[in-house]
Amino acid sequence: MPADNVTPIELLKIYYYLKLTRGLEQRVSTLYRQGRIVGGVYISAGEEAIAVGSAAALEADDVIAPSHRDLGANLMKGITPKEYLAQYLGKQTGLTRGRDGNVHYGDITRGVIGFISPMADLLPVAAGVGLAFKLRRERRVVAAFFGDGASSRGDFHEALNLAAVMKLPLVFICHNNQYAYSTPLERQMAIEHVADRAKAYGMPGVTVDGNDVLAVRSAVAEAASRARQGGGPTLVEGKTMRMRGHAEHDDASYVPAWMLEEWRKLDPIDRFGAYLRERQILDDAIAREIDDRLSKEIEEAVAFAEASPFPEGKDLLEGVYAS
Amino acid sequence: MEITYLEAIRQALWEEMDRDDQVFMLGQDIGVYGGAFKVTKGFLEKFGPERVIDTPLSESAIVGAAIGAALMGMRPVVEMQFADFISCAFDQVVNMAAKQHYRLGEPVPLVIRAPYGGGIHAGPYHSQSPEAWFFHVAGLKLVAPSTPRDAKGLLKAAIRDPNPVIYFEHKYLYRHIKGEVADGDDLVPIGKAEVKRPGSSVSVITYGAMVQQSLGAAEKLMPEGIDLEVVDLRTLQPLDMTTILASVEKTGRAMVVHEAPKTGGIGGDIAARLAEEAFHYLDAPILRVAAPHTPFPFSPVLEASYLPNADKIALKARELANF
């Protein structure tokens, strides 16, 4: 794991956000199974390192354009567990006040562009945020996330081309998690690495072990630094595995069991935990303290969301236009 | 001073760019070339390449990038080379721009200039009137001026509006119509129709290039004692039902005229609303004059047959007046 100059405190922060992501999503999955959440539930289990490692490489005023398995990055940008849970429950206290659900939230004032369902749609928007930075001479970067499936869409192509031509301060970050819903990679593309597409746009393409949070962090930090200095965009591909269904209704029976077994051995949190223990940054006492803090935070979030009011039906028409 | 419709658009852009340095333009061939219709000729020299941005041929990325810049508080004005090509950016317009404020409370101050309409012998892909595609979508404002004064005043209002506005500028009118405009700020409020010709027999509810044709029909019918009232919608979304209803309550007879196909057109919705809200004032059925349900044809003979004009409007208006 390339630790670069990451301090122990930062390393523990990364560990904390990896665990918070997994814990929150597990909790949401349980609520779904209990029938306490309506609609889809999208889990990033097994690929948290891409979101968290990338966000850990950014500066505070950088912007992210998350995809649907980037809870870790959203949390690191300041979206709170309470807001996340309230969003899933369709409550007024969610970031969309019940107007939208599950992973479709954001807050541009905190540097999070709200994700929407059509894949790759956020990539051109992210390019536009980068364009604004460039025009205003602000040394800020946009990290734009997407999956292997989204890389087949036209908006992926248009955004990467535009960003490269205009030398925009973007880092395009791919979760290559082997499946887009039920569609395996070989039916998605005729090339081996999503990062190979970078060559067509005249930008660097880097493939990293997406389950190595520090490898992700290092690759994104290098790309962000180049972008910040006016060197234009980079495509970073993290190889990982979607360990659950597309959403929680999907048992993913189309995924061969051996794939999951192999990838389970590469679990990013287990690996990072072992690394921290090896370096004596983490021990049982600290791990327990973190776990206690996490369960408290998660249960408080659930309680907050469940106690929050639903939006009122009479407010349905409000907010179509800005005034 | 009398200026052309095209010059009015140009003046609005120039004055708004001059007034607010957050206003910038992006589109295909708008810089060095000055735009396919030369609307932005001379802008590059005055405002420079950072505010007059020539983009790759990428409608979706152009609109997406404009949305991103708008989220950062800038005021992008996109030039679609032809309104027909907005289909390539449809997803960004209807899924990203239109819903952003309702979902997240984040304004998207974006203007898309869409040169539309026929009568220029340009065939199926350079002549369409696609406003109905967007009329159905909540969160967008749609304007379609018919005179130089409205063209200038509505574009200024659109640029200052905090919402995504599609500005339908009629290509036939560019150089075929001249009129007085005030110097400086003479904003035409979005959402306000205007009675272009008061009359007592029949309300002709129309917009864009059909305003002139409807005024022509009114002249033709004058000697017969048929006195048409021509209501120019100017804004298609949100519709100014107050002005429409006031006119129909006065005349008791209504027809809707547009260049876009009748099937699924805006006229159908206006007719339905009149049936719902003005039934008791009506002395005759509501009629529509619009293009047939075919693709826009190329040959001048077919085009003439396809497009509504003063004669066709007069024919229907006479029917209605004598009902």
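The structure displayed is predicted, hence computed values, not measured ones. (Residues numbered from 1 in each chain as written. Chains lettered and ligands numbered in written order. Predicted model: local features only at pLDDT ≥ 70, side-chain atom pairs only at ≥ 80, totals over all residues. Heavy atoms only, no water.)

A. View of the overall build of chain B. Secondary structure summary: chain B contains 12 helices and 14 strands in total. For chain B, the C-alpha radius of gyration of 19 Å lies close to 20 Å, the compact-globule estimate for 323 residues. Here the C-alpha coordinates of chain B stretch approximately 60 × 40 × 40 Å along the principal axes. Among the 323 residues that make up chain B, the fraction classed as buried is 63%. For chain B, the proportion of contacts with a sequence separation of at least 24, taken over those separated by at least 6, is 83%. In the form shown here, chain B has an accessible surface area of approximately 11,500 Å², with 55% of it arising from carbon and sulfur atoms. (Helix = DSSP H or I, 4+ residues; strand = E, 2+ residues; numbered from the N terminus. Rg over C-alpha atoms; globule rule 2.2 N^0.38 Å. Buried < 20%, exposed > 50% of the residue type's maximum accessible area, 1.4 Å probe, protein only. Contact = heavy atoms within 4.5 Å. Areas by Shrake-Rupley, 256 points an atom, 1.4 Å probe, with all protein chains shown as cover.)

B. Molecular detail of helix 1 (residues 5-19) of chain B. Over its 15 residues, helix 1 of chain B extends 21 Å from the first C-alpha to the last, a length consistent with the 21 Å expected when each residue adds 1.5 Å. Of the residues making up helix 1 of chain B, those classed as buried are Tyr5, Leu6, Ala8, Ile9, Gln11, Ala12, Leu13, Glu16 and Met17 of chain B. (Expected span 1.5 Å × (residues − 1).)

C. Just empty space enclosed by the protein, in detail. All names here are of chain A. This structure, assessed with the given rule, holds three cavities of 30 Å³ or more. In this structure, the largest cavity spans a volume of roughly 50 Å³. As for the largest cavity, its lining consists of Pro66, Ser67, Phe115, Ile116, Pro118, Met119, Ala120, Asp121, Leu122, Phe145 and Phe146. Here the residues of the lining of the largest cavity are counted per class, giving nine nonpolar, one polar and one charged. (1 Å grid on protein atoms, 1.4 Å probe; cavity = no way out; pocket = protein on both sides within 12 Å on 5 of 7 lines; lining within 4 Å. Points joined across faces, edges and corners; volume = space filled by probe spheres on them. Nonpolar A, V, L, I, M, F, W, Y, C, P; charged D, E, K, R; others polar.)

D. Region of interest: the interface of chain B and chain A. Taken residue by residue, the interface counts 40 residues in chain B and 43 residues in chain A. When the two sides are added together, the surface that chain B and chain A hide from each other amounts to roughly 3,300 Å², 62% of it contributed by carbon and sulfur. Ranking the residues of chain B by area buried against chain A places Met72, Tyr102 and Arg103 of chain B at the top, with a combined share of 25%. For the pair chain B and chain A, the interface holds three salt bridges. Arg137 of chain A is the salt-bridge partner of Glu50 of chain B, the closest N and O atoms lying 3.1 Å from each other. If you list the elements that add at least two residues to the side of chain B that touches chain A, you get strand 2 (23-27), strand 3 (52-54), helix 3 (59-71) and helix 4 (90-104) of chain B. Looking at side-chain class alone, the side of chain B that touches chain A contains 19 nonpolar, 14 polar and seven charged residues. (Buried area = accessible area lost by both parts, 1.4 Å probe. Salt bridge = Lys/Arg side-chain N within 4 Å of Asp/Glu carboxyl O.)

E. View of the packing of helix 1 (residues 8-33) of chain A against helix 2 (residues 48-56) of chain A. All names here are of chain A. Interhelical geometry of helix 1 versus helix 2 gives an angle of 140° and a closest axis separation of 10 Å. Our classification of the angle between helix 1 and helix 2 gives oblique. Considering only the axes of helix 1 and helix 2, their crossing is right-handed. Packed against helix 1, whose contacting residues are Ile14, Tyr17, Leu18, Thr21 and Arg22, the element helix 2 presents Glu48, Ala49, Val52 and Ala56 at the interface. (Axes fitted to C-alpha atoms, helices over the stretch in contact; angles between N-to-C directions. Parallel < 35°, antiparallel > 145°, perpendicular 65-115°, else oblique. Left-handed = near helix turned anticlockwise from the far one by under 90°.)

F. Molecular detail of the domain arrangement of chain B. Residues and elements named next belong to chain B. Looking at the assigned domains, one finds that chain B contains domain 1 (2-180) and domain 2 (194-321). One C-alpha centre belongs to domain 1, the other to domain 2, and the line joining them spans 26 Å. Contacts between domain 1 and domain 2 engage 28 residues on the former and 26 residues on the latter. When domain 1 packs against domain 2, the two sides together hide about 2,100 Å² of surface, and 60% of this comes from carbon and sulfur. On the domain 1 side of the interface with domain 2, the three residues burying the most area are His121, Glu131 and Phe135, jointly 27% of the side's total. Counting every contact that joins domain 1 to domain 2 gives three salt bridges. Arg149 is the partner of Glu194 in a salt bridge, and the nearest nitrogen-oxygen pair spans 3.8 Å. The interface formed by domain 1 and domain 2 includes 12 residue pairs in polar contact (both at pLDDT 80 or more). Among the secondary structure elements, those contributing two or more residues to the side of domain 1 that touches domain 2 are helix 5 (131-135), strand 6 (141-143) and helix 6 (148-160). (Domains from an automatic or database assignment. Polar contact = N/O pair within 3.5 Å; in protein donor to acceptor, adjacent residues only side chain to side chain.)

G. Layout of the sheet that holds strand 9 (residues 194-197) of chain B. Residue and element names in this part refer to chain B. Judged by pairing direction, the sheet is mixed, and its five strands sit side by side in the order 9-11-10-13-14 without closing on themselves. Each end of this open sheet is capped by a strand with a single partner; those strands are strand 9 and strand 14 (287-291). Sheet twist, expressed as the average angle between the axes of neighbouring strands with direction ignored, equals 25°. Across four bridges, the pairing between strand 10 (residues 202-206) and strand 13 (residues 254-261) is parallel. What sits directly across from Ile205, in strand 13, is Val256. Of the strands in this sheet, strand 9, strand 10, strand 11 (228-232) and strand 13 touch helix 8 (residues 209-221), which is tilted by about 170° from strand 11. Contacting strand 9, strand 10, strand 11 and strand 13, helix 9 (residues 241-251) crosses the sheet at an angle of about 155° to strand 10. (Pairing = 2+ DSSP bridges.)

H. Molecular detail of the layout of surface pockets. All names here are of chain B. Counted as a void, the largest pocket has a volume near 300 Å³. Every residue lining the largest pocket is counted, 19 residues in all, and those nearest its centre are Gln128, Ser129, Trp133, Pro261 and Tyr306. Elements represented by at least two residues in the lining of the largest pocket include exactly helix 5 and strand 13. Here the lining of the largest pocket takes three residues from strand 13, the largest share from any one element. A domain split of the lining of the largest pocket shows at least three residues from each of domain 1 (2-180) and domain 2 (194-321).

I. Inspection of the pairing of strand 7 (residues 165-170) of chain B at higher detail. Residue and element names in this part refer to chain B. Most of strand 7 is tucked away, with six of its six residues classed as buried. Of the two faces of strand 7, the one holding Val165, Tyr167 and Glu169 and the one holding Ile166, Phe168 and His170 are both buried throughout. In this sheet, strand 7 lies alongside strand 5 (residues 111-116) in parallel orientation, the contact comprising six bridges. In the sheet register, Arg113 faces strand 7, and the bridge partner there is Tyr167. With three bridges connecting them, strand 6 and strand 7 associate as parallel partners. Within strand 7, the residue paired with Lys141 across the bridge is Val165. Handedness of the strand 6-helix 6-strand 7 crossover: right-handed. (Right-handed = clockwise from strand over helix to strand, strands pointing away.)

J. Region of interest: the nonpolar core. Ranked by size, the top nonpolar core spans 163 residues in total, and within it Leu85, Ile113, Phe172 and Phe272 of chain A carry the most contacts. Of all hydrophobic cores here, the second largest spans 36 residues; its members include Met17, Ala151, Ala157 and Tyr174 of chain B. (Core = buried A, V, L, I, M, F, W, Y, C linked by side-chain atoms within 4.5 Å.)

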